[in-house]
Amino acid sequence: MADPAEHGALTRKAIVAFGRAHAAAYEATDGRWGRRLRGKDMALVWTRGRRSGETRRTALLCVPHGDDVLVAASFFGALRHPAWFLNLRDDPRCSVRHGRRRFPATSAVAQGDEHHHLWDIMTSVWPAYHGYQERTERQIPVVRISPLDVEPVEPHPGHPLG
């Protein structure tokens, strides 16, 4: 099976370049630009690189779910999981910016019935996820990102949201 992130109009490099530009604009405008894309919510998620240990920022389509945000590790149906997902799988701690709200968080990969339930929520908001799932043999993970504090917090010096 061809990897859609490696072939065709959307190459892996183009996807990554767009994501970096989107994240930079989102952050530079304090969430005024980029918090929505094609009418859908977007979040910035900071993870720690599993190999480098460096902080990595990724713009992701998200679905608010109570105090949590849900994200799908689809990478447009690529054969491999996206790097941000592998980082969270190895270290579930992260930082999130959703609109103008910023918070430290922890993440959990949905399993079993929870995955099916959250997948239904994700696909109701972004039906293209169905097509992404058809392109790949891997099950596209749904990640629940939960704030460590429900109240807005001021990040400490050196924190990626500082």
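Everything that follows concerns the structure shown earlier in this document.
The paragraphs below set out a description of the structure included in this document. This is a predicted model, so every value here is computed, not measured. (Residues numbered from 1 in each chain as written. Predicted model: local features only at pLDDT ≥ 70, side-chain atom pairs only at ≥ 80, totals over all residues. Heavy atoms only, no water.)

### A word on the environment of Val 16
Part 1 of the argument: Turning to its location among the elements, Val 16 is positioned in helix 1 (residues 12–28).
Part 2 of the argument: Along the chain, Val 16 and Ala 59 lie 43 residues apart, while their C-alpha atoms are 9.9 Å from each other. (Helix = DSSP H or I, 4+ residues; strand = E, 2+ residues; numbered from the N terminus.)

### Notes on helix 3 (residues 112–125)
Part 1 of the argument: The end-to-end C-alpha distance of helix 3, which contains 14 residues, comes to 20 Å, matching closely the 20 Å that a straight helix rising 1.5 Å per residue would cover.
Part 2 of the argument: On its buried side, helix 3 packs onto strand 3 (55–61), strand 4 (63–65), strand 5 (68–72), helix 4 (128–135) and strand 8 (142–147). (Expected span 1.5 Å × (residues − 1). Contact = heavy atoms within 4.5 Å.)

### What to know about the nonpolar core
One recurring pattern in soluble globular proteins: nonpolar side chains tend to sit buried together.
Part 1 of the argument: Within the largest apolar cluster, 20 residues are counted, with the highest numbers of intra-cluster contacts made by Leu 44, Leu 61, Leu 70, Leu 118, Met 122, Tyr 129 and Val 142.
Part 2 of the argument: Those elements that place two or more of their residues in this core are helix 1, strand 2 (40–48), strand 3, strand 5, helix 3 and helix 4.
Part 3 of the argument: Per element, the largest residue contribution to this core is four residues, and it comes from helix 3.
Part 4 of the argument: Excluding residues that lie within four positions of it along the chain, Leu 118 makes contacts with His 65, Leu 70, Ala 110, Val 142 and Arg 144.
Part 5 of the argument: Among the nonpolar cores identified, the runner-up in size contains 17 residues, and Ala 43, Cys 62, Leu 88 and Ala 105 belong to it. (Core = buried A, V, L, I, M, F, W, Y, C linked by side-chain atoms within 4.5 Å. Buried < 20%, exposed > 50% of the residue type's maximum accessible area, 1.4 Å probe, protein only.)

### Regarding the pattern of salt bridges
Part 1 of the argument: Scanning the entire structure with this criterion turns up five salt bridges.
Part 2 of the argument: The partner of Asp 90 in a salt bridge is Arg 89, and the shortest N-O contact between them spans 4.0 Å.
Part 3 of the argument: On the accessibility criterion, Arg 89 (49% relative accessible area) is partly exposed. (Salt bridge = Lys/Arg side-chain N within 4 Å of Asp/Glu carboxyl O.)

### So, the packing of aromatic side chains
Part 1 of the argument: Overall, the coordinates contain four aromatic pairs when judged by the stated rule.
Part 2 of the argument: Ring centres of Trp 84 and Phe 85 lie 6.3 Å apart, and the angle between their planes is 90 degrees; this geometry places the pair in the edge-to-face category.
Part 3 of the argument: On the basis of relative accessibility, which here comes to 4%, the residue Phe 85 falls in the buried class.
Part 4 of the argument: Measuring from centroid to centroid gives 5.9 Å for Trp 119 and Tyr 129, while their planes differ by 45 degrees, and the two rings are tilted. Here Tyr 129 lies in helix 4 and Trp 119 lies in helix 3, a separation of 10 residues in the sequence. We note that Trp 119, like Tyr 129, is buried. (Phe/Tyr/Trp six-rings, centres within 6.5 Å; stacked < 30°, edge-to-face > 60°.)

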